[in-house]
Each structure stands twice: as C-alpha cells, then as structure tokens.
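# Architecture and fold: a report
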Amino acid sequence: MKTLKSACKPRDTVFDAARRDTVLDLSDLVGDRIKPEEFFPENYITEGMKTLLTEGFRRLEGKSDQGVFKLTQAMGGGKTHNLLALGLLAKHPKFRIPVMGGFYAPDKALGDVRVVAFSGRESDAPYGIWGAMAEQLGTRELFKDYYSPLAAPGQTAWVNLLKGEPLVIMLDELPPYFVNAKAKPVGNSDLSVVTGTALSNLLVALGKAELKNVLLVITDLTASYQAGHQQIVTALTDLQQETGRTAMDLEPVRMNTDEFYQILRKRIFEKLPSKDDIAEVAQAYAKAIRDARQMDVTNASPEQFAQRIVETYPFHPAIRDLYARFKENPGFQQTRGLIRLMRIVTARIWNETRDNRYLISAHDIDLNDRETLTEINQINPTLESAIAHDIASGEQSVAEVMDANLGNRDAGDVVQDKVTPVVAEPHQSGRDAVVVVSANKLGMLSRPRGSLVDFFRKSPLANVNLDLARSTDTGRRVDL
Ligand SMILES: Nc1ncnc2c1ncn2[C@@H]1O[C@H](COP(=O)(O)OP(=O)(O)O)[C@@H](O)[C@H]1O
Ligand SMILES: [Mg+2]
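Residues numbered from 1 in each chain as written. Chains lettered and ligands numbered in written order. Predicted model: local features only at pLDDT ≥ 70, side-chain atom pairs only at ≥ 80, totals over all residues.

At a minimum axis separation of 10 Å, helix H4 (residues 47–60) and helix H5 (residues 79–91) run at an interaxial angle of 35°. Once H4 is placed against H5, the crossing between them reads as right-handed. Where H4 abuts H5, its residues Gly48, Met49, Leu52, Leu53 and Gly56 lie against Asn82, Ala85, Leu86 and Leu89. Looking at side-chain class alone, the contact of H4 with H5 contains 6 nonpolar, 3 polar and no charged residues. (Axes fitted to C-alpha atoms, helices over the stretch in contact; angles between N-to-C directions. Helix = DSSP H or I, 4+ residues; strand = E, 2+ residues; numbered from the N terminus. Left-handed = near helix turned anticlockwise from the far one by under 90°. Contact = placed C-beta atoms within 7 Å. Nonpolar A, V, L, I, M, F, W, Y, C, P; charged D, E, K, R; others polar.)

It is worth spelling out the pairing of strand E2 (residues 68–72) at this point. Across the 5 residues that make up E2, a large majority, 4, are buried. Inspection of the sheet shows E2 paired to strand E8 (residues 248–250) by 3 bridges, in the parallel sense. In the strand pairing of E8, Leu71 is matched with Leu250. (Buried ≥ 20, exposed ≤ 12 C-beta atoms within 10 Å, placed from the backbone. Pairing = 2+ DSSP bridges.)

A word on the site of ligand 1. Lining the immediate surroundings of ligand 1 are 21 residues, of which Gly78, Lys79, Thr80, His81 and Arg336 lie closest. If you list the elements that add at least two residues to the shell around ligand 1, you get H5, helix H12 (259–268) and helix H16 (334–351). Taken together, the residues that form the shell around ligand 1 break down as 7 nonpolar, 9 polar and 5 charged. Counting contributing residues, the shell around ligand 1 receives three or more from each of domain 1 (47–250) and domain 2 (259–458). (Near = placed C-beta within 6 Å. Domains from an automatic or database assignment.)

Moving on: the sheet that holds E2. Pairing in this open sheet of 5 strands is parallel, and the strands run E3-E4-E7-E2-E8 from one edge to the other. At either end of the open sheet lies a strand with only one pairing partner, and these are strand E3 (114–119) and E8. The mean angle between the axes of side-by-side strands here comes to 15°, regardless of whether they run parallel or antiparallel. Against the sheet, H4 touches E2, strand E7 (214–220) and E8, its axis set at about 150° to E8.

Following this line, the structure appears as structure tokens:
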C-alpha cells in the first residue's frame, strides 16, 4: 500500500507561503494578467460552472433568451473564480474545446468575445458603473450626458452602448459598492439609488433583440450582507415585473456535495495515484473499521466508508464534517479558507520526515503550528483558549498530557477530530472532551494499523464499562 508521500505529488505553490494565497480578481482579467494555460489546469468544473458556461455560450451564440445570470455564495465561495473562467473562455477561443469539449460543442464561428467587467471594490469609479463600462468598451463619449451630474442611463442608452458583437458583462462585489454609494450624494438622492436605477434599466435592456448576444453575470453574497444585497434584489424584481424574465441563479460550489474535495485535489495536487492504489488504501481503512466493529466501538459500514474514500482521496471523508462545521462561522472564507488550510496541512506533512500516513485527515491539522492557528483563529477567534486548554498547547493540554501518559498520540488524534465540532460549537467543548466523542466518530478515526484498538486496550479504562453516549452537559459558554 502506497503512503501519501509516495503516491501523491503536491503542487509547488503549496510550499511557498507567499504564493499560497494569490487572489485573482476581475481587474486581472481585464488587464490580461491571467494566463489561461495556468488557470485551467487548476480549475475544477463544478455543476454550477458547467451550467454557466453552457448557458453563457448559448447566449453568446444567439441561441438563448437567458441573458442574466446570478452567482450566489458567501465570501470565498468561488464567485469571482467562475467569472474568470467564463471571461477567459470568452477572450480566448482556442481554450473552449479543451475546457468545455466534454459537455458542450462551442460554435466554431464565434470568435473573440468582448468582456466588460466591473468590481464593486472600485468604489471610486468617477462616473459610476456605466462610466467604467463605457470606458472599457472604448466608447466613453457615448455616455457623456450621464457623467456630470451623474445620472442613470435609460434602456435605449444601454442598448446603444452594448449592441453589436457578442459581449459578456460581469458585475462583481456590488453589495459593498451599494453600501459605499449610499454615502455619496447625487442631487437630492445618492449614488446607490442612481446605480440601482441604472442596473434595473440595464437588466431590462438585455431583453431587447439588439442585445440577444449579450450576457450579464452578477454576483451576490448570501443574504448576510443585507444592506447592499437588497439593491440587487430590487433590480432583479424590476426585471421580472417588466419583462417576465428572471435571472438564472447558480451556485459556484454546491453545498453538501463533494465538489469541494475535487477542487482541493485540483488546487493542491499535481499528481495523484492510480485507481487501484486508491482502492487499496480504501480497503485498508475498511478493514480497520471492521476490526473496530468487532470491538463494538463503531457501527460505521466498512463498505460505505471504503467507497467514500475512493471519492475523497487523498483526504479523509471526515474532512467534510470539518467543512460543514467551519461554514457556520461567518469569518470562514468557504472554498478559499479550506484550500488555504489544506495547503498548510499538506506542506507540513510533506516537510516532516515520517512517512506513515495514507490520508490527510482532520487530526493532521497541527494546532501547535502558528500558521495553522492563525488560519483557525480567522475562522473563529474565540477558540484560541479552548484549543490551548483541551487540545494543543506545547504538550500541556489535556489531550497532550493524556498522550504523554499513554505513550502515544491517540488521545491527541481523537480530540483533534473533536476540534471539528469544537470549532463551530465551542459550547460543546468541555473538559471531558475525549469522552464526548461519539463511538461512531471514533470508528471513523481508526487507521490501518489498528491503533484505535490498541488505544482502547492500553487505556487505563479498558475494563471499565464506559458509557460512550454523548454528554448532554451544555459545557462552557463561549461568546461568538
Ligand atoms: N471550481 C474551482 N476550481 C478551482 N478553484 C476554485 C474553484 N472555485 C473556487 N476556487 C478557488 O477558491 C477561492 C475562492 O474563490 P473566489 O472566486 O475568489 O470566491 P468569491 O469570489 O466567492 O469570494 C479562489 O482561490 C478560487 O481560485
Ligand atoms: Mg470574489
């Protein structure tokens, strides 16, 4: 059976702290600073992206009435990434077949497509969103009547600006833009109102025949950013009331699916082993679970578990619980946060000398490591003291002391898995965190060398009839 290190090869970016977190945005796309030959090998086509590309290209080819798309997800969820993928394929026809060939036959007659992109982070754009768009199209003059004083272009003005060759319009980060624009007076009103009107007019204009090869994609945060989000809702409601049309709503990375495992694989690894090698690891884990079942410490199904590993390799299937827990914290940057954390974990595993792991699991997150802890603190800053007390504190925490007494790392591993819930539900962390771990979870933690079984045999509690039911103790309160 191949160890992680002999089976997989991480990308170079994983080891370079400075390059771990390059955040690309729309200005990089407009400025042609993104190389499609570097972007696409690290891109995983999610269901949402597949729909966006398929429906987007049908529109550009004049085959569809669907001209408005909305990408909704929390911060770091993959919205901008989807815009970049679409924008690059619009600008660079030769990548269309290699990237989309598996699910769509792009029309060979469609050449380079124009892309206009506005990010709401450009809050100081002097002539509003419309000024920035006209400028990118090289027709600044066309909108001169709408610059001073700032006024919203009407439907006809939009049609005149945008008609002609196929065009992709991208509007990213509008919620913060709207919030900011509220503080900028325009006549008796403010820039957020004027921008809202301009946006409504633009959406309605997209229904006109002259713009049948023009497509607009707008991104929206999940309702958490209430203030700026409302303006987008209003513009989309206007669209529906005036034209009976709606925006197609897409999710860049679907929640509650394994898509994020696929993204992690693509982003972190350059090379993964063959299906057979993966199946061998999966079977070894299944065997460990079978043993654990005989000990009556788990009721997990070995077969199901093996199947899960095939899907999630080289990550442990329980990472999904971790992700689900993290997601409940407003500070967690979704896909971005998980990629960052897993890059750190992977780099640390590859940099250490031991080579006896077969999967990357939740308990490989080293909470004694500064960089890792910084990442966890960003997800939920209130956890620092809980982690230090219970899990990791330079050999002083409850779990580490237990390990020292038992002469292994199992308590640490067990409690580290417990961190997953702890991170999101700090109130469940009590001093008896080890006992709180469910029997089922313990089984999931078993590793191919049967260390879990040993753990129980060596435990001072081996002959005690221990009640493994979850404690109903509400535990310590931590303010969130
Ligand atoms: N389908 C995907 N394939 C590869 N990487 C992705 C994918 N979706 C998101 N990512 C990565 O996740 C991170 C967050 O995505 P981003 O688009 O910046 O989020 P958002 O715009 O929603 O805040 C980026 O580093 C991006 O490259
Ligand atoms: Mg973004």
